[in-house]
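Structural features, examined
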Amino acid sequence: MSLEQTFIMIKPDGVARGLVGEVIKRFEQKGYYLRALKLKNVERELAEEHYVDLKSKPFYPGLVEYIVSGPVVAMVWEGKQSVVTGRKIIGATNPLQSEPGTVRGDFCIDVGRNLIHGSDAVESAKREIALWFPEGLSNNKPFLKWIYES
Ligand code: UDP
Ligand code: MG
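Rules used in this analysis
Residues numbered from 1 in each chain as written. Chains lettered and ligands numbered in written order. Predicted model: local features only at pLDDT ≥ 70, side-chain atom pairs only at ≥ 80, totals over all residues. Heavy atoms only, no water. Near = heavy atom within 4 Å. Polar contact = N/O pair within 3.5 Å; in protein donor to acceptor, adjacent residues only side chain to side chain. Areas by Shrake-Rupley, 256 points an atom, 1.4 Å probe, with all protein chains shown as cover. Nonpolar A, V, L, I, M, F, W, Y, C, P; charged D, E, K, R; others polar. Pairing = 2+ DSSP bridges. Helix = DSSP H or I, 4+ residues; strand = E, 2+ residues; numbered from the N terminus. Axes fitted to C-alpha atoms, helices over the stretch in contact; angles between N-to-C directions. Phe/Tyr/Trp six-rings, centres within 6.5 Å; stacked < 30°, edge-to-face > 60°. Buried < 20%, exposed > 50% of the residue type's maximum accessible area, 1.4 Å probe, protein only. Lys NZ or Arg CZ within 6 Å of the ring centre and 35° of its normal. Salt bridge = Lys/Arg side-chain N within 4 Å of Asp/Glu carboxyl O. Arc of directions from axis to C-beta.

Comments concerning the site of ligand 1
All residues in the neighbourhood of ligand 1 are listed as Lys11, Tyr51, Leu54, Phe59, Leu63, Arg87, Thr93, Arg104, Val111, Gly112 and Asn114. At 2.7 Å from an oxygen atom of ligand 1 is found a side-chain nitrogen or oxygen belonging to Arg87. A distance of 2.5 Å separates an oxygen atom of ligand 1 from a polar side-chain atom of Thr93. For ligand 1, whose free accessible area comes to 510 Å², the fraction covered by protein is 77%. Considering only residue class, the shell around ligand 1 consists of 5 nonpolar, 3 polar and 3 charged.

As for the sheet that holds strand E2 (residues 33-40)
With respect to topology, 4 strands assemble into an open sheet ordered E2-E3-E1-E4, the strand pairing being antiparallel. Unpaired on one side and paired on the other, E2 and strand E4 (116-118) mark the two borders of the sheet. Each adjacent strand pair in this sheet contributes to an overall mean axis angle of 15°, direction not counted. Where strand E1 (residues 4-10) lies against E4, 3 bridges are found, and the strand directions are antiparallel.

A few points about the packing of aromatic side chains
Counted under the stated rule, the structure contains 3 aromatic pairs. Ring plane angle 25° and centroid distance 5.3 Å describe the contact between Phe7 and Trp132, whose orientation is recorded as stacked. Taken as a pair, Phe7 in strand E1 and Trp132 in helix H7 (residues 122-132) lie far apart in primary sequence, 125 residues in all. On the basis of relative accessibility, which here comes to 0%, the residue Phe7 falls in the buried class. Judged by relative accessible area, Trp132 falls into the buried class, the value being 1%. Members of the aromatic cluster, each reached through a chain of ring pairs, are Phe7, Trp132 and Phe133. A cation over an aromatic ring shows up here: Arg113 above the ring of Tyr66, its NZ or CZ 5.0 Å from the ring centre.

With respect to the pattern of salt bridges
Using the criterion set out here, one finds 10 salt bridges in the structure. Glu22 is paired through a salt bridge with Arg26; the nearest N and O atoms lie 3.0 Å apart. Highlighted residues: Glu22 and Arg26, both in helix H2 (residues 20-30), separated by 4 residues, approximately one helical turn. The partner of Asp106 in a salt bridge is Arg26, and the shortest N-O contact between them spans 3.0 Å. With Asp106 in helix H6 (residues 103-107) and Arg26 in helix H2, the pair connects residues that are 80 residues apart, well separated along the chain. The exposure class assigned to Asp106 is partly exposed, which follows from its relative accessible area of 36%. By sharing partners, the salt bridges in this structure join Glu22, Lys25, Arg26 and Asp106 into a single network.

Quick notes on H7
Ser124, Ala125, Glu128, Ile129 and Trp132 are the residues of H7 that are buried. Axial view of H7: buried residues confined to an arc of 135°, hence all on one face. Among the exposed residues of H7, those oriented more than 90 degrees off its buried face are Glu123, Lys126 and Ala130.

Overview of H2
Quick reminder: α-helices carry 3.6 residues per turn. Residues three or four places apart thus point the same way. Every buried residue belonging to H2 is among Val23, Ile24, Arg26 and Phe27, and all of these are buried. Down the axis, H2 shows its buried residues gathered within 155° of arc, on one side only. After H2 finishes, the residue Gly31 shows a positive phi value of roughly 125°.

Shown next, in the form of structure tokens:
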């Protein structure tokens, strides 16, 4: 069984609106398990580094302001294909195009207030986890035989 890790972050709007439990519930009920979680006020350098690939985009300065505007919840979720499935749970970048049933489809409207981040590939997940959890991860392994056949 090959278990992936993905980096999921509830952005300041999601924390301020009291949607932390709702997001966690969706990952838990799917069968993924929580390897790390912290509530964090984000330093500007960390927000800039997290979104470094988008530096040339016109929305980048506003995006950095958004991420530093209040605490976020940074998490690592683990399980089979957690990166691609995590993106499906989250929904499309623009919440008006996100399907109902996804986090963004159900809880937000504007792309600049889209509530949640999820890694887009296994390699970016590795980079983001190292960036947000330089101290390393906890050792949470639930009873996997009730989630996976083998
Ligand atoms: N974003 C924005 N305006 C845009 C595109 C993106 O404000 O036109 C923000 C939005 O919060 C998005 C983030 O930049 O979640 C990162 O963009 P990306 O294309 O990586 O989308 P994601 O991977 O979050 O779906
Ligand atoms: Mg992205």
